[in-house]
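One-letter residues, chain by chain:
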Amino acid sequence: MERREHVIQQTKIGDTLQELLSRFGLSNAERQLWTRSIQRDIGPRGMLPGGKEVHFYFTKPTPGTRQSPQLKAMEVDFSDTSTLAWEKGIRGILFRSAKNPTTSS
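What you are looking at is a predicted structure, and each value in this text was computed from that prediction instead of being measured.

I tried to follow helix 2 (residues 28–42) on my own but got confused; where do I start?
Since there are 3.6 residues in each turn of an α-helix, residues three or four apart along the chain are aligned in direction. The end-to-end C-alpha separation of helix 2 is 21 Å, in line with the 21 Å expected for 15 residues at 1.5 Å each. Within helix 2, the full set of buried residues consists of E30, R31, W34, T35, S37, I38 and I42. Close packing links the buried residues of helix 2 with helix 1 (17–22), strand 3 (71–77), strand 4 (82–89) and strand 5 (92–99). Residue G43 follows helix 2 closely and has a positive phi angle near 115 degrees.

What is the right way to read the pairing of strand 3 from this model?
Taken residue by residue, a regular strand's side chains alternate between the two faces of the sheet. The buried count for strand 3 comes to five of seven residues, which makes it a mostly enclosed element. In terms of strand pairing, strand 2 (residues 53–59) meets strand 3 through five bridges, oriented antiparallel. Counted as the bridge partner of F58 is L71 from strand 3. One ladder, built from five bridges, connects strand 3 with strand 4; its direction is antiparallel. Bridge pairing in strand 4 links D77 to T83. What sits between strand 3 and strand 4 in their antiparallel hairpin is a turn of four residues.

Here is what the cut-offs are and how they apply
Residues numbered from 1 in each chain as written. Predicted model: local features only at pLDDT ≥ 70, side-chain atom pairs only at ≥ 80, totals over all residues. Heavy atoms only, no water. Helix = DSSP H or I, 4+ residues; strand = E, 2+ residues; numbered from the N terminus. Expected span 1.5 Å × (residues − 1). Buried < 20%, exposed > 50% of the residue type's maximum accessible area, 1.4 Å probe, protein only. Contact = heavy atoms within 4.5 Å. Pairing = 2+ DSSP bridges.

What follows is the structure in structure tokens.
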């Protein structure tokens, strides 16, 4: 099983996907790949809702190497009712949307 590093970032109003991804030292090609893939699902501006936690999952580098981080998956509770997730696989970045269970009081 592949080891992953889990990082959580809190979005601010007006944050773009490009800004969030630039915080992690990803290569330009890696940022562009993720941005293009995610924009297909959330819109061309790549805006994420403010005040949400975005979960990033990176491969852990092999000790003794100087490879740049590789983003493997990303997940965000897009609204109170849905979670959006992307995962990098052998066929590219796959998108999944799931409805969050609602609680009633």
